[in-house]
Structures are given as C-alpha cells and as structure tokens.
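Architecture and fold: a report
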Amino acid sequence: MPNISLPLRIEVIDSHTAGEPTRCVLSGGPHLGTGPIAHRLENLRTHHDVFRRGILCEPRGSEVLVGALLLEPVDPVAAAAVIFFNNAGYLGMCGHGMIGVAATLSYLGRISPGKHLIETPVGDVTISLDEKNEVTVSNVEAYRYLKHVSVELPGHGVIHGDVAWGGNWFFLIEEHPFTLSLEHEEQLTAFTWQVRQALAANGITGANGAEIDHIELFTAAHNPANQSRNFVLCPGKAFDRSPCGTGTSAKMACLVADGKLAPSQMWRQEGILDSVLTGHVELDGDRILPFITGSAYVTSTASLIFQSNDPFRNGIALHNGKVL
C-alpha cells in the first residue's frame, strides 16, 4: 500500500484502564463519510486499513494497545462516535477502551460529570462520569449464545465453554487446570490461542457465523472481596491487562442465564494484574443490559510522525514469521 495513504502527523492521547492501554486518535485520520458508524468502519477497514496499522502496530504501537478513533456522531445529542481497533483488526465494542475514551474526553474538556451518549459500530453506549472521574459504561445488550460447548484440544482432551456476546464474541472456560497469574502467562496464552484455533477448525462460531476472537478463562478470585478472576486472550494474541469490560459483560450474561446473578447485584471481576472492574446487569424483558464501572488515567499526549522515507512508515504487521 503506498505511503501517501498516511498523513505526516496524527494527534493522539494515551490512557490506561485497570492497566490496559487505549490510544485515542484525535485528528489526522482519513475522511470516512458522515453515515452510520458501522458503514464508516467498513470504509476504514476496506480502504484505509494502513491507518490502523500505522498507529497500532510496531514501531509506534504494540500488540497490547487498543485504538479508539474519535469521530463526529450521527446523532447531534451524542458526545462522540468511536471505532475501536487493535493490531489484528477491528472491535465492535471495547469496555476498557470506552472508559479510556471517557477519561480522554474529560481531560480535553469535551465532557463534564454526567451521562453522555457515545455511538459505536454495534450500537449506542451511554457513559456516566462522576466527580472522581470514575466511569460507568451502559454497554450494548449481552447474551449467551451457546452453553457448554465441547471442543477437542490436542494435548488437553475435550474442553467445554460457553459462547457469549458482550460487545465482542467470547468463549468462556471455567474448567481448566491453570492458575491465573502472570508467572503462567506463556502457558495461558498458548492454551487460549490453541482454543481459538480449535474453535475455528471445528466451525464453532457466534451468531451468523461470527468469529469467536476472545477466549476467557475463569477461576475463583485471589482477593475475597471479588467474585471472580479472569485471563482474556485478545484477537491479536495479546492478553488483556484489565479484567476486560466486554468479557465481564459476557460473563454476567452467562451468570444471569444460569440464575446466578440477579438484576442490580454487584459483580467484581478481578483481572490478571489484580485490578478490578465492577459490573451489574439490568433486565429489559428478556434483554440483558450490562453496566461496567472503572477508572482510566491519561498517560501521554503525542504526535505520531510518519516520515515519507521511513521504510516502516505504514507499520510492521507481523504474521506467522512474516512482515506484512
């Protein structure tokens, strides 16, 4: 793809939510039109994917970084619209990223404490910012799609998990032999990546054939103040440093389906860094509406520079030992 696809400078603000970074893109992006956010996402994916690569892939980014492209909303009542992406592709929603977006908009003075509407490709989301900069995300509807799905994993036998939607597609596993701690990160990554590959090989998908690109392991919490501990493998093969907002939404949907979580009952989800996101659900008939609460902190403002003679100007996308 030609270098002229990228501008010379892109303005960003970085933050982290419970340890997981978000990079908000403020200016310098391509013109994607003014239609629905899902259509603008397809425009970005089809015609301007080098933009995602240049911002999120090495040498300017890393596999753990999530991007949030801020756009003008369709609805003038909305505070912003956002498209989330990472080193591997695009995300429907991102819980930790949405909390990071709220912190960034607050830092810029574009929102104040109160409720604000944010448009995403998978639906509108409401964020509530309090005086202490704590954010509650009223996420898109969550639900369990399949229960106790079996898949054979070489070296591990048959494993079982639930397929659920929380803004992204998840395979949630509680029966496994692992301790969820950083010292076992390589084992956890290898196992969850193998699960993802096995799901694809066996044709196990989300609704309408959607790829299940997040794998989530659970154990009892290390801190008795919390209800659960998780490890989440993200689409780009990096693990989530936070407890994962969309993953927590998917988990709560499964708990509701099993009669183990009541409306308004608090759920404290502990992540691999011991950080916590707090959640609860409300019911609208049969619809499960998840709420996720956490805090994000701005870590830097930056101008990303794209020199015309830089051989890696468009980013270094690594795949199976090759530079794409």
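For the structure itself, look to the data block above.
First, a word on scope: everything that follows refers to the structure included in this document. Worth saying up front: this structure is predicted, and the values here are computed from it rather than measured.

1. Some points on the pairing of strand E4 (residues 80-85)
- Among the six residues in E4, six count as buried, and that is most of the element.
- Sheet analysis places E4 next to strand E6 (residues 114-120), joined by two bridges and oriented parallel. For Ala80, the partnering residue across the bridge sits in E6 and is Ile118.
- Note that E4 and strand E5 (residues 90-91) share two bridges and pair antiparallel. Bridged to Phe84 within E5 is Leu91.
- The loop that links E4 with its antiparallel partner E5 comprises four residues.

2. Some details on empty space enclosed by the protein
- A complete count under the given rule lists one cavity of 30 Å³ or more for this structure.
- Looking at the largest cavity, its volume works out to about 140 Å³.
- Along the wall of the largest cavity there are 22 residues; nearest its centre are Val66, Leu91, His214, Cys234 and Asp240.
- Tallied by class, the residues present in the lining of the largest cavity amount to ten nonpolar, nine polar and three charged.

3. Some remarks on helix H1 (residues 37-47)
- Among all positions in H1, only Ile37, Arg40, Leu41 and Leu44 are buried. Along H1, the residues classed as buried sweep out an arc of 105° about the axis, all on the same side. Along H1, exposed side chains directed more than 90 degrees from the buried face belong to His39, Thr46 and His47.
- Elements in contact with the buried residues of H1: helix H2 (49-56), strand E3 (66-71), E4, E5 and E6.

How each quantity is defined
- Residues numbered from 1 in each chain as written.
- Predicted model: local features only at pLDDT ≥ 70, side-chain atom pairs only at ≥ 80, totals over all residues.
- Heavy atoms only, no water.
- Buried < 20%, exposed > 50% of the residue type's maximum accessible area, 1.4 Å probe, protein only.
- Helix = DSSP H or I, 4+ residues; strand = E, 2+ residues; numbered from the N terminus.
- Pairing = 2+ DSSP bridges.
- 1 Å grid on protein atoms, 1.4 Å probe; cavity = no way out; pocket = protein on both sides within 12 Å on 5 of 7 lines; lining within 4 Å.
- Points joined across faces, edges and corners; volume = space filled by probe spheres on them.
- Nonpolar A, V, L, I, M, F, W, Y, C, P; charged D, E, K, R; others polar.
- Arc of directions from axis to C-beta.
- Contact = heavy atoms within 4.5 Å.

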